[in-house]
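Here is what each chain is made of, one letter per residue.
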Amino acid sequence: DRGFAVAPVSVQMRPEIPKSNREIIAEQREALEARLTSERRAIAAVHGDDQALQIQEEIAADDAARTARDRSALMMSMPTLGGGVA
């Protein structure tokens, strides 16, 4: 017996042509802008259900950090709020 053991080949029938990630992302962006989906469902459509919650939490943390940096920079730029010389 020569050769290697291989798993049986499986075929998944689809009624449509598979979409690229770029196409899926564009569709989800449009759906989000039209308020036809949630952020979590859009993330799941691109990354899968098992990754959606973690990615959504990472995005929220990035947004919070950006907001904190922007708020700090704004406060430091205003003389009456401790940033500059009055």
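So, how was this worked out
- Residues numbered from 1 in each chain as written.
- Predicted model: local features only at pLDDT ≥ 70, side-chain atom pairs only at ≥ 80, totals over all residues.
- Heavy atoms only, no water.
- Axes fitted to C-alpha atoms, helices over the stretch in contact; angles between N-to-C directions.
- Helix = DSSP H or I, 4+ residues; strand = E, 2+ residues; numbered from the N terminus.
- Parallel < 35°, antiparallel > 145°, perpendicular 65-115°, else oblique.
- Contact = heavy atoms within 4.5 Å.
- Nonpolar A, V, L, I, M, F, W, Y, C, P; charged D, E, K, R; others polar.
- Expected span 1.5 Å × (residues − 1).
- Buried < 20%, exposed > 50% of the residue type's maximum accessible area, 1.4 Å probe, protein only.
- Arc of directions from axis to C-beta.

**Focus: the packing of helix α1 (residues 21-33) against helix α2 (residues 39-47)**
Consideration 1: Following both chains from N to C, one finds α1 and α2 inclined at 170 degrees, their axes separated by 9 Å at the closest point. By the angle between their directions, the pair α1 and α2 is classed as roughly antiparallel. The residues of α2 that touch α1, namely those facing Ile 24, Ile 25, Gln 28 and Leu 32, are Glu 39, Arg 41, Ala 42, Ala 45 and Val 46.
Consideration 2: Along the lines of polarity and charge, the residues of the contact of α1 with α2 split into six nonpolar, one polar and two charged.

**Considering α1**
Consideration 1: Its 13 residues place the ends of α1 18 Å apart at the C-alpha level, agreeing with the 18 Å of an ideal helix rising 1.5 Å per residue.
Consideration 2: Those residues of α1 lying buried are Ile 24, Gln 28 and Ala 31. Here the buried residues of α1 occupy an arc of 60 degrees about the axis, which is enough to place them on one side. Turned more than 90 degrees away from the buried face of α1 sit Arg 22, Glu 30 and Glu 33, all of them exposed.
Consideration 3: Positioned one or two residues after α1, Arg 35 has a phi angle of 60 degrees, which is positive.

It is worth stressing that arrangement in space is one thing and function is another; only the former is reported here.
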